[in-house]
Each structure stands twice: as C-alpha cells, then as structure tokens.
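Summary of structural features
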Amino acid sequence: MIPYGRQDITQEDIDAVVRTLKSDFLTQGPVIPELEYKLCKYTGARYSVAVNSCTSALHIACLALDLGPGDILWTSPISFVASANCALYCNATVDFVDINLDTALISIESLKEKLEYAEKEGKLPKIVIPVHFAGQPCNMEEIHTLSQQYGFKIIEDAAHAIGAKYQNNPVGNCLYSDITVFSFHPVKIITTGEGGAAMTNSSKLAEKMSLLRTHGITRDPVKMKNKLGGLWYYEQIDLGFNYRMTDIQAALGISQLKRLDQYILRRTEIAKWYDKKFKDVAVTPLMQKSDRSSAYHLYVILVGEGKNKREKLYNYLYEHNIRVNVHYIPIYRQAYYSNSDTLKVADMYYQRTISLPMFTNITTSELNTVVDNTTKHIGLIRQ
Ligand SMILES: *Cc1c(COP(=O)(O)O)cnc(C)c1O
C-alpha cells in the first residue's frame, strides 16, 4: 500500500526524544524555548509561541487579535476545518472567500469584491486568514495592501507551508501579516507528533499568546494586579488554556527542523518529477507562481470536468493500493456549516481535485506505480 503522506523519523530524532525523556523536564523545560528560538532563526520572525497543535495556535492568535462576539473572520473554504473553527471558538462569525481554480489559493479578485460589498453593508471582517494551500504561499503583498485599506488583521495559515518562500523570504517572517501559524502534525512538513507554533513580530501579541497558552497565568510581578508577593505567588490575569507543547515534542521538532531544507528539496524534486510525467496526461497540476516557492505539502492534480471523473480515478487508485486524498471538501459543505453560502469556483475545484502520494521517503518505484496507474486510467491529452 502506498500512503498519501508519511512522516520521516531518523535515529537522531529518536535519540533527541530519549535524551529529553531522561532529563529533568518533560514539559515546561528548556527545550521549548530552544525550539522557539530556532523557528525564529529559520523564519526571521521576532517571536514564536510553540503550542500543542496548529488548531490551538489559530485559537490563541484570534484571541490575541481581540476576535469576539459580533466580529467577522474570513478564510478560504478550501482548507482544513480548523482555519474556520477558530472564529467560532471566539463566538465570532466566519465567512468564506472564493479561490482561484488554478492554484486553489484565495482569489484576490473575489477578496476585493467581497470587501467592497462588505464595506457598504458595514460588515467588514476583523481578521482574514489566507491559507497557503498545498504549501504555496498566497499573494501576501496584495492581501496586506487590502488590510491597510480596509483595516483587517491577517493570520497566515501556514500549516502546509513551513519551508516555503514568498518573494525569496521564508514564510513565517510575518512581513505581510500579524501572525503566522504552523502545524507539526505527522502528515505535514516536519513533525512533533502533535504540535504547532504561532510566529509574530509583535511583542504584545507574543506575550498575549504565551499567557493564553498557559491558563492566563503569569509569574511576572510587573503584570500582576495584586502585589501579594511570596516566592510561590502566581496570578491568573486572563482566561487561558493548557495549550502547551511538551519538551519531548519540542526535542523531536528541533531534530526535524535540521532537515527541513533537505525535505523541501526532496518534495520539490518529487513535484517536478510528477509535473514532467503528467505533461501529456489529461490532468492539470496546480499552477505554481513565479514569485514564490512551495513547500509541496501536497501534490494536487485536477481531472477533467466530466461527471464523476475524480471519483472514478480515486476508486481506481484505491483499488490499486494507492491511497489518494481529497483536499478539501469546502468547509461550508460540512454539516456543521450548512447555513453558509456556497461558492462557485471552490465547488468546481472540489469536484475535480485529487491529492497524490507525496512524502520525502517515497521510492521511485512507488512514484512510477502512481503515475502509471493514473495515466492508464485517465489517458493522454488528445492531440
Ligand atoms: C493540519 C491543518 C491545520 C490544523 O493543524 P493541527 O496541528 O492538526 O491542529 C490547520 N490548517 C490547515 C490548513 C491544516 O492543513
């Protein structure tokens, strides 16, 4: 069986985890700040807050940006549900911006139109979450310009995109956003088992997110309301959560981070290889923009528009022990979101998309199996 994604764990990773298991701290120890420091160094962001998942990072990012009841958050419908759920955790409402069919990234045209309309209606979003789908960054410069014009905040959902570059800069540097979030789930680019991080250049946002990560408790006398003193004294000054990452996970993260650039090279090599093999096949790989480079979390192709074409390819590959996937069912199509409006391009994309196996240690023979079976089922472009 060929999975669609799989983590890469080396002996060095295992040794790093075991070292932490034998150390004084399993959690709240020195390995977490070390991972945070290394994430800052890699991305160029000033601050990093490591947490137990990207979902938690999205939640505390929204809270740090003061999202609350009556507020509106916009995101892409072609994403994992977590990109939208974070709004609902804060009792805000969520709405979706349509995508471009060729990249599956949020459409700048649709965003502009929707903003113009929302301004007239007095329903502008407080936060927009662009999703760097499949690892390719969104057009951040344009989204940033619009944020200045309409006064919204930006959280980049970079769950797919650690290691990607936009205008030659690493995703996560927050040059065009307030906060960027990463996921370290095993299927993503690097893993900590479960885990995530929020990057920012604002000390205020970083402090707020750190507080929310640990119950809203501070041990800093400067921040306390009551100066009761005592070495044991700590104070809860906000309602937070236990969203902490463990040092065991952080040790794995640091070890994985060392191979991040190597992983991106390998994923890029696989993607270019697929591109070449599919040149004459009647499928369309996602378009890659020239001012950015993808982390290639996913390798996505679109099949032709014919009825059930995607379903038939999915079933065919599945029968041949190739585990493909569909990224994503538009979030507004989820039962829980059934009151939302639907979007034309996102729906069209959903009918045609399929994600082929993509992971660093896939073998050439496995890749050939995927391409041969896809080609056999779909056929060549008619000349
Ligand atoms: C995986 C994913 C998340 C959530 O990440 P977790 O670490 O599993 O919580 C959020 N957004 C996107 C786009 C994802 O793919």
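Residues numbered from 1 in each chain as written. Predicted model: local features only at pLDDT ≥ 70, side-chain atom pairs only at ≥ 80, totals over all residues. Heavy atoms only, no water.

1. Things to note about helix H7 (residues 203–213)
- Listing the buried residues of H7 in full gives Leu 205, Ala 206, Met 209, Leu 211, Leu 212 and Arg 213.
- Of the surrounding elements, those touching the buried residues of H7 are helix H2 (31–43), strand E1 (47–51), helix H3 (54–64), strand E8 (179–183), strand E9 (196–200) and strand E10 (217–218).
- Of the residues trailing H7, His 215 is marked for its positive phi of about 65°. (Buried < 20%, exposed > 50% of the residue type's maximum accessible area, 1.4 Å probe, protein only. Helix = DSSP H or I, 4+ residues; strand = E, 2+ residues; numbered from the N terminus. Contact = heavy atoms within 4.5 Å.)

2. Notes on the side chain of Asp 347
- Note on placement: Asp 347 falls in helix H11 (residues 344–352).
- The contact partners of Asp 347, leaving out residues within four places of it in the chain, are Pro 330, Tyr 332, Arg 333 and Thr 342.

3. Some thoughts on the side chain of Glu 36
- As for its position among the elements, Glu 36 is in helix H2.
- Residues contacting Glu 36, with those up to four places away along its chain left out, are Ser 48, Val 49, Ala 50 and Arg 213.

4. Some details on unusual backbone geometry
- The step from His 327 to Tyr 328 runs through a cis peptide bond, and the omega angle for that step is -5°.
- Here Tyr 328 shows up in the loop between helix H10 (309–319) and H11.

5. Some thoughts on a nonpolar patch on the surface
- Together, Ile 9, Ile 14, Val 18, Leu 21 and Leu 26 make up a nonpolar patch on the protein surface, roughly 390 Å² of accessible area in all.
- Relative to the assigned elements, Leu 26 resides in the loop between helix H1 (11–21) and H2. (Patch = residues over 30% accessible without salt bridge, like charges linked within 9 Å, V, L, I, M, F, W, Y side chains within 5 Å. Areas by Shrake-Rupley, 256 points an atom, 1.4 Å probe, with all protein chains shown as cover. Salt bridge = Lys/Arg side-chain N within 4 Å of Asp/Glu carboxyl O.)

6. Description of the state of the cysteines
- What the rule picks out here adds up to zero disulfides.
- In this model Cys 54 remains outside any disulfide bridge; the closest cysteine sulfur is found in Cys 86, 9.1 Å from its own.
- Here Cys 62 is not cross-linked by a disulfide; its sulfur's nearest cysteine counterpart is in Cys 86, at 3.7 Å.
- Taking the relative accessible area as the measure of exposure, Cys 62 reaches 0% and is therefore buried. (Disulfide = S-S within 2.5 Å.)

7. Quick notes on the site of the ligand
- The environment of the ligand is made up of 15 residues, and the closest members are Thr 55, Asp 157, His 160, Ser 183 and Lys 188.
- The contact in question runs from an oxygen atom of the ligand to an N or O atom on the side chain of Thr 55, over 2.5 Å.
- At 3.2 Å, a side-chain N or O of Tyr 328 approaches an oxygen atom of the ligand.
- Compared with its free state, where it exposes 380 Å², the ligand has 93% of that area covered by protein.
- For the shell around the ligand, the secondary structure elements donating two or more residues are H3 and helix H4 (82–89).
- Its residues assigned to classes, the shell around the ligand comprises six nonpolar, seven polar and two charged. (Near = heavy atom within 4 Å. Polar contact = N/O pair within 3.5 Å; in protein donor to acceptor, adjacent residues only side chain to side chain. Nonpolar A, V, L, I, M, F, W, Y, C, P; charged D, E, K, R; others polar.)

8. Comments concerning the environment of Ile 162
- You can see Ile 162 is positioned in the loop between strand E5 (153–157) and strand E6 (165–166).
- Judged by its relative accessible area of 2%, Ile 162 falls in the buried class.
- Placed 18 residues apart in sequence, Ile 162 and Thr 180 show a C-alpha to C-alpha distance of 10.0 Å.
- If sequence neighbours within four positions are ignored, Ile 162 has contacts with Leu 39, Phe 182, Phe 184, Ile 189, Ile 190, Leu 257, Leu 260, Ile 264 and Ala 295.

9. With respect to a negative patch on the surface
- A cluster of acidic residues, Glu 109, Glu 113, Glu 116 and Glu 119, forms a negative patch on the protein surface.
- As for its position among the elements, Glu 116 is in helix H5 (residues 108–121).
- By relative accessible area, Glu 116 is classed as partly exposed at 42%. (Lys, Arg positive; Asp, Glu negative; His and termini not counted. Charge placed at Lys NZ, Arg CZ, Asp CG, Glu CD.)

10. Digging into the domain arrangement of the chain
- When cut into domains, the chain gives domain 1 (11–257) and domain 2 (260–382).
- Look at where the C-alpha atoms of domain 1 and domain 2 centre, and you get two points 27 Å apart.
- Contact with domain 1, which involves 42 residues of that partner, is made by 36 residues of domain 2.
- Across the domain 1/domain 2 interface, buried area totals approximately 3,300 Å², and carbon plus sulfur atoms make up 64% of it. (Domains from an automatic or database assignment. Buried area = accessible area lost by both parts, 1.4 Å probe.)

11. Things to note about the pattern of salt bridges
- Under the criterion given, the structure shown has 14 salt bridges.
- Residue Lys 38 is joined to Glu 34 by a salt bridge in which the shortest nitrogen-to-oxygen separation is 2.9 Å. Of this pair, Lys 38 and Glu 34 both sit in helix H2, separated by four residues, roughly a single helical turn.
- Classification of Lys 38 by relative accessible area gives partly exposed; the value is 31%.
- Judged by relative accessible area, which is 35%, Glu 34 ranks as partly exposed.
- We note a salt bridge from Lys 126 to Asp 71, for which the minimum N-O separation is 3.2 Å. Taken together, the residues Lys 126 in the loop between H5 and strand E4 (127–129) and Asp 71 in the loop between H3 and strand E2 (72–75) connect sequence positions 55 residues apart.

12. A word on the environment of Leu 257
- Its location among the elements puts Leu 257 in helix H8 (residues 247–257).
- Between the C-alpha atom of Leu 257 and that of Phe 359, which follows or precedes it by 102 residues, the distance is 16 Å.
- Residues in contact with Leu 257, not counting those within four places in the same chain, are Leu 35, Lys 38, Leu 39, Ile 162 and Ile 190.

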